[in-house]
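Given next are the chains, with one letter for each unit.
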Amino acid sequence: MLVPAAFDFSTSSLQPPPESFETQRTEVSPGVFRLGGLDDAPDVRMLVGHCAFVANDARLLVSLLPQLVHVRGQGRLTTLVEQVNGETRADRPGRDAVLTQLLEVLLIEALRSSAGPTASPGLLRGLADRHLATALRRMHERPTHAWTVVELAREAALSRSTFFDRFRREVGVAPMEYLLGWRMALAKDLLRREKVGVAQVAARVGYSSASTFSVAFARSVGMAPIHYAREQRNG
């Protein structure tokens, strides 16, 4: 299970534990903790880790991911988890370097596994469709272009109606709604990271005027871009 933007979380069983259940956490080995009686057979084992994107546009990347990725029944992923578990417990030379590589592959494999036809609609599912992936890449590459559904359908090599219905089914929103969301994600990233004016941000995300951009931004984000920038920098 991946939670792309979690700052805090908790887990619980479907059935509440008995009142006598011991919840004190005991570290039984470096980085390994036990809840409950040390001599009791474990009911569940959990391997918990944290990944951080070091790129400048990390927030932008995370904003495009689903809120929750739940994968089950994937043999390749199970093997990777077992390798991470074994490497974590072992104290061998190069342990940190090996874990870094394994976790990167684990993340990629988990995202791959969540992009199948049974996944929830979203970007990953859209990118798994070769026709829609082309249109999505064009929007990502050229956010300032005045895209239309007809143009995007042409890029995807689909008819307008087929493209529109397929995009909404796989991605979860209409093409123009997705484009708006992408532009707003770029705008928020610019306002957060760079000291640029609203007019400059508007031009860099495809709006011909600052006022039109400000109206669209406020409608999407809930506040004017200048207030958003001030709040992010002061926060």
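Just so it is clear, the structure is predicted and the values come from calculations on it, not from any experiment.

Participant: Looking at this structure, how should I read unusual backbone geometry?
Facilitator: The backbone phi angle of Ala-157 is positive, close to 60°, even though this residue is not glycine. Along the polypeptide, Ala-157 turns up in the loop between helix H6 (149–155) and helix H7 (160–171).

Participant: So what exactly am I meant to see when it comes to the nonpolar core here?
Facilitator: One recurring pattern in soluble globular proteins: nonpolar side chains tend to sit buried together. If you look at the biggest cluster of nonpolar residues, it comprises 32 residues, and the most contacted ones within it are Met-139, Phe-163, Phe-167, Tyr-178 and Phe-213. Among the elements that make up this core, the one with the highest residue count is helix H8 (residues 175–193) (eight residues). In this view, Phe-167 contacts Leu-132, Leu-136, Met-139, Gly-172, Val-173, Ala-174, Pro-175 and Tyr-178; residues no more than four positions away in its chain are not counted. Among the nonpolar cores identified, the runner-up in size contains 13 residues, and Leu-65, Val-71, Leu-77 and Leu-111 belong to it.

Participant: Where do I start with a nonpolar patch on the surface in this structure?
Facilitator: There is a patch of nonpolar side chains on the surface, built from Phe-9, Val-44, Met-46 and Val-48 and spanning about 460 Å² of accessible area. The topology assignment puts Phe-9 in the segment before strand E1 (25–29).

Participant: Honestly, the pairing of E1 in this entry has me stumped. Any pointers?
Facilitator: Within a regular strand, side chains alternate between the sheet's two faces. Direction of pairing for E1 relative to strand E2 (residues 32–35): antiparallel, over a ladder of four bridges. Residue pairing across strands places Glu-27 opposite Phe-33, the latter belonging to E2. What sits between the antiparallel neighbours E1 and E2 is a turn of two residues, in which Gly-31 has the positive phi angle 80°.

Participant: Looking at this structure, I do not really get helix H5 (residues 130–141). What am I missing?
Facilitator: For an α-helix, 3.6 residues make a turn, and residues three or four places apart therefore share a direction. Across its 12 residues, H5 extends 16 Å between first and last C-alpha, which sits within 8% of the 16 Å expected from 1.5 Å per residue. All of the buried residues in H5 are His-131, Leu-132, Ala-133, Thr-134, Ala-135, Leu-136 and Met-139. Looking at the buried residues of H5, the elements they touch are helix H4 (123–127), H6, H7 and H8. Its side-chain oxygen placed 2.9 Å from the backbone nitrogen of His-131, Asp-129 serves as the N-cap of H5.

Participant: Sorry, what's going on with the packing of H8 against helix H11 (residues 225–234) here?
Facilitator: For any two helices packed against each other, the geometry comes down to the angle between their axes and how far apart the axes lie. In contact at an axis separation of 8 Å, H8 and H11 are set at 50° when each is read in the N-to-C sense. When the interaxial angle is binned, H8 and H11 end up oblique. The two elements H8 and H11 meet at a crossing, and its hand is right-handed. Between H8 and H11, the contacting residues are Lys-188, Leu-191 and Arg-192 on the first element and Pro-225, Tyr-228, Ala-229, Gln-232 and Arg-233 on the second. Residues belonging to the contact of H8 with H11 are distributed by class as follows: four nonpolar, one polar and three charged.

Participant: Hey, could you run me through the packing of H5 against H7 in this one?
Facilitator: Here H5 crosses H7 at 85°, and the two axes come no closer than 11 Å. Of the possible angle classes, the one that applies to H5 and H7 is roughly perpendicular. Side by side, H5 and H7 meet where His-131, Leu-132, Ala-135, Leu-136 and Met-139 of the first sit next to Phe-163, Arg-166, Phe-167 and Glu-170 of the second. Of the residues contributing to the contact of H5 with H7, the split by class is six nonpolar, one polar and two charged.

Participant: What is the right way to look at the packing of aromatic side chains in this model?
Facilitator: The geometry of an aromatic ring pair is captured by the separation of the ring centres together with the interplanar angle, meaning the angle of the planes. Within this structure, the stated rule accounts for five aromatic pairs. Seen in terms of ring centroids, Phe-167 and Tyr-178 are 6.0 Å apart; in terms of plane orientation they differ by 70°. Their pairing is edge-to-face. In this pair, Phe-167 sits in helix H7 while Tyr-178 sits in helix H8, placing the two residues 11 residues apart along the sequence. Just as Phe-167 is buried, Tyr-178 falls in that class too. A centroid spacing of 5.6 Å and a plane angle of 70° characterise the contact between Phe-217 and Tyr-228, whose relative ring orientation is edge-to-face. Remark: Tyr-228 occurs in helix H11 and Phe-217 occurs in helix H10 (residues 210–221); sequence separation between them is 11 residues. With respect to class, Phe-217 is no different from Tyr-228; both count as buried. Here the aromatic cluster, defined as three or more aromatic residues joined through ring pairs, consists of Tyr-207, Phe-213, Phe-217 and Tyr-228. Taking NZ or CZ as reference, Arg-25 lies 4.3 Å from the ring centre of Phe-33, over its face. Of note, Arg-183 hangs over the ring of Tyr-207, and the distance from its end group to the ring centre comes to 5.7 Å.

Parameters at a glance
Residues numbered from 1 in each chain as written. Predicted model: local features only at pLDDT ≥ 70, side-chain atom pairs only at ≥ 80, totals over all residues. Heavy atoms only, no water. Helix = DSSP H or I, 4+ residues; strand = E, 2+ residues; numbered from the N terminus. Core = buried A, V, L, I, M, F, W, Y, C linked by side-chain atoms within 4.5 Å. Buried < 20%, exposed > 50% of the residue type's maximum accessible area, 1.4 Å probe, protein only. Contact = heavy atoms within 4.5 Å. Patch = residues over 30% accessible without salt bridge, like charges linked within 9 Å, V, L, I, M, F, W, Y side chains within 5 Å. Areas by Shrake-Rupley, 256 points an atom, 1.4 Å probe, with all protein chains shown as cover. Salt bridge = Lys/Arg side-chain N within 4 Å of Asp/Glu carboxyl O. Pairing = 2+ DSSP bridges. Expected span 1.5 Å × (residues − 1). Polar contact = N/O pair within 3.5 Å; in protein donor to acceptor, adjacent residues only side chain to side chain. Axes fitted to C-alpha atoms, helices over the stretch in contact; angles between N-to-C directions. Parallel < 35°, antiparallel > 145°, perpendicular 65-115°, else oblique. Left-handed = near helix turned anticlockwise from the far one by under 90°. Nonpolar A, V, L, I, M, F, W, Y, C, P; charged D, E, K, R; others polar. Phe/Tyr/Trp six-rings, centres within 6.5 Å; stacked < 30°, edge-to-face > 60°. Lys NZ or Arg CZ within 6 Å of the ring centre and 35° of its normal.

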